[in-house]
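Single-letter residue listing:
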Amino acid sequence: MAYARISADLARDGHGAEDQHKVNDETAARVGARIVHYYTDNDLSAAKAEVVRPDFEEMLKVLRAGRMPNGQAVRGAIVVADDRLVRRVGDYERFVDALTHEDGRVYADAKGLKDLYNEDVESMGLFGVVIAKAEVRKIKRRTRRSHRRRAELGIPVGGTRPFGWNDDKRTLREEEAERLAQAARDVIAGKSLHSILKKWREEGVRTVHGNEWQSRSLKLALWNPRLCGWRRHNGDLVRDTNGVPVSGQWEPLITPKEWMAIDALFSSRIGPNVKADGTVTDYRTPNHLLTGILRCGKPKDDGQICNAPMRVSTRPNLSGGFVYQCPSRSMGGCGGSGRNGAKVDEYITEAVLAKLEERKVASSAVVAQWEGEEELERLTKKQRKLLRAWQADEISDELFFPENRTMEARIRELRNARTQHALRVQRNSAVTDEDVRRKWYSGELDLAQKRTIIREMLHAVIVLPVGGGGRRPFNPDLLVPKWIED
């Protein structure tokens, strides 16, 4: 089999991967091999842990089994170079383990055959992956520095124009700008996002991509400091040496004081709801176990997986009564995959419980009362008082911004600490008990508690396509948990 991968297919035509496979064909002819299948991950990075490469994962399964699903024997793999195959040490080790699962397997790149059964050759390959990973990190550092510098100069970011501005990202698009500014002032006055959305939908207002506005997209647009001429970088406002936000090179829609009011309003709603006993729940706890955790793994036309969060669809005639379904294209998904919800819940539940038992989570007493609550409440009230004074012109920018920045950082730190403490309390109350499995199935753990445990264990679960069309038996091998490592 042959493997090809391109990190960024800017032309969206797959020519890079095709060129690699041409080289793979030449390599196969030179070493006397015949390629029985071509695996391709187009426009997918191998350096990012959160990116799933469907064909790479499928290739590992086939290599380990030594045969294709149709029974065709497989005796090795061919790639152009190691860095097209892997960029992470863990992936390289998994590949070597799959290839050498049986004796006599062949591995070759454009330079020729490599004996991965030889420890020195394997070590050199591992060393090459480490060097490649270091180079990726160096590039990322340079990119981050460049982005930071552009932010400090107030230069607009690349990509699609923001709603409200023209293609130059500097001058206002009058109709959109007026609408967005009015929405901002309506929110400050107490109007709900829902009512604004309803009006926009009735008037046919669309995003810059031509999609219907959603609650989340509208909230993010209104919460963007660009509206008042500022810019956020890595979650924080870009400031000068005196702590005053840097003004960008574009026309603002609203005043800084208006945006600060929006920021204070939305910030007060951040985070989970932490109860007095230390338990934590979402403001809107989903009605199903894996909502927001399952991701569609069906490949799109451009080679990337869909990766859309799967939603619940009721099916009264189905065992369990519901399916996890990829949303339609108009809703951001592909609409092309679905799976029996009850069976998925059952399989992932067992996988999580087995993982918990495998890890043998150590029991440790966690104090339910978080000691930082008083400080957080005091700082939050103080920040609001400071904001009101600044909005009333009772204090200057030079006094407000440095003081607010300090409090902002501490409040964020305390909120994070509170959430982590609540999660520890929640998890310890369940997983440190010797009979966690009984608690799970007896109903002693509610849905929010179960989801909290799963969130602590999993980044996501990729749901790979069944293939072949029509109904097929439930296959748990098509569910790929992405575990959060210990």
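Our structure's up above, just so we're on the same page.
Residues numbered from 1 in each chain as written. Predicted model: local features only at pLDDT ≥ 70, side-chain atom pairs only at ≥ 80, totals over all residues. Heavy atoms only, no water.

K.L.:
Any chance you could break down the packing of helix H6 (residues 174–188) against helix H9 (residues 256–267) for me, citing the residues and the numbers?
P.N.:
Axis separation between H6 and H9 bottoms out at 10 Å; the angle between their running directions is 55°. By the angle class used here, H6 and H9 are oblique. Like other packed secondary-structure pairs, H6 and H9 cross with a definite hand, here left-handed. Contacts between H6 and H9 involve Ala184, Arg185, Val187 and Ile188 from the first element and Glu258, Ala261, Ile262, Leu265 and Phe266 from the second. Split into classes, the residues belonging to the contact of H6 with H9 amount to 7 nonpolar, no polar and 2 charged. (Axes fitted to C-alpha atoms, helices over the stretch in contact; angles between N-to-C directions. Helix = DSSP H or I, 4+ residues; strand = E, 2+ residues; numbered from the N terminus. Parallel < 35°, antiparallel > 145°, perpendicular 65-115°, else oblique. Left-handed = near helix turned anticlockwise from the far one by under 90°. Contact = heavy atoms within 4.5 Å. Nonpolar A, V, L, I, M, F, W, Y, C, P; charged D, E, K, R; others polar.)

K.L.:
Can you lay out H9 for me, pointing to particular residues and giving the numbers?
P.N.:
Note that an α-helix has 3.6 residues per turn; residues three or four places apart therefore point the same way. Over its 12 residues, H9 runs 16 Å from end to end, which matches the ideal 16 Å to within 8%, given 1.5 Å per residue. Inspection of H9 places Trp259, Met260, Ile262, Asp263, Phe266 and Ser267 among the buried residues, and these make up the whole buried set. The arc that holds the buried residues of H9, viewed along the axis, is 160°, so those residues lie on one side. (Expected span 1.5 Å × (residues − 1). Buried < 20%, exposed > 50% of the residue type's maximum accessible area, 1.4 Å probe, protein only. Arc of directions from axis to C-beta.)

K.L.:
Please give an account of the sheet that holds strand E14 (residues 458–463) that cites residues and values.
P.N.:
Taken in spatial order, the 3 strands of this open sheet run E10-E14-E15, and their pairing is mixed. Pairing within the sheet leaves two strands with one partner each, and these edge strands are strand E10 (294–296) and strand E15 (479–483). Looking at each pair of strands side by side, their axes are set apart by 30° on average, direction ignored. Both E10 and E14 contribute to a ladder of 3 bridges, which runs parallel. In the strand pairing of E14, Arg295 is matched with Ile462. (Pairing = 2+ DSSP bridges.)

K.L.:
Now, about the pairing of E14: what can you tell me, with residues and values included?
P.N.:
Taking burial as the measure, the 6 residues of E14 include 5 buried ones, the bulk of the element. In this structure, E14 lies alongside E15, joined through 5 bridges in antiparallel fashion. Its bridge partner lying in E15, Val463 is registered against Leu479.

K.L.:
Please provide a residue-by-residue account of the nonpolar core, values included.
P.N.:
Among soluble globular proteins, nonpolar side chains are generally buried collectively. Residues Trp200, Leu222 and Ile254 are the most contacted members of the largest nonpolar core, which totals 42 residues. Counting residues per element, the ones that place at least two in this core are H6, helix H7 (193–202), helix H8 (215–223), H9, helix H11 (373–391) and helix H12 (397–431). In this structure, Tyr324, Cys334, Leu356 and Leu445 belong to the second largest nonpolar core, which totals 26 residues. (Core = buried A, V, L, I, M, F, W, Y, C linked by side-chain atoms within 4.5 Å.)

K.L.:
If you had to explain the packing of helix H2 (residues 54–65) against helix H4 (residues 89–99) to someone new, which residues and values would you point to?
P.N.:
Two elements in contact, H2 and H4, have axes separated by 7 Å at closest approach and are oriented at 30°. Classified by the angle their axes make, H2 and H4 are roughly parallel. Residues Phe56, Glu57, Met59, Leu60, Leu63 and Arg64 of H2 form the contact with H4, whose participating residues are Asp91, Arg94, Phe95, Asp97, Ala98 and Leu99. Looking at side-chain class alone, the contact of H2 with H4 contains 7 nonpolar, no polar and 5 charged residues.

K.L.:
Report on the pattern of salt bridges, specifying residues and quantitative values.
P.N.:
In this structure the tally under the stated criterion is 23 salt bridges. Between Arg161 and Asp167 there is a salt bridge, with the nearest N and O atoms lying 3.8 Å from each other. Residue classification places Arg161 among the buried residues on the basis of a relative accessible area of 12%. Note on Asp167: relative accessible area 59%, which makes it exposed. Through salt bridges with shared partners, one network takes in Arg53, Glu57, Asp91 and Arg94. (Salt bridge = Lys/Arg side-chain N within 4 Å of Asp/Glu carboxyl O.)

K.L.:
Can you break down the packing of aromatic side chains residue by residue, with the values?
P.N.:
Inspection of every chain in the model, using the stated rule, returns 12 aromatic pairs. Aromatic side chains Trp390 and Phe400 sit 4.5 Å apart centroid to centroid with 5° between the ring planes, which places their arrangement in the stacked category. With a gap of 10 residues between them, Trp390 in helix H11 and Phe400 in helix H12 connect regions that are remote in the sequence. The class of Phe400 is buried, set by a relative accessible area of 0%. Members of the aromatic cluster, each reached through a chain of ring pairs, are Trp230, Trp259, Trp390, Phe400 and Phe401. One Lys or Arg, Lys219, reaches over the ring of Phe266 and ends 5.3 Å from the middle of that ring. Positioned above the aromatic ring of Trp483, the side-chain terminus of Lys355 is 5.0 Å from the ring centre. (Phe/Tyr/Trp six-rings, centres within 6.5 Å; stacked < 30°, edge-to-face > 60°. Lys NZ or Arg CZ within 6 Å of the ring centre and 35° of its normal.)

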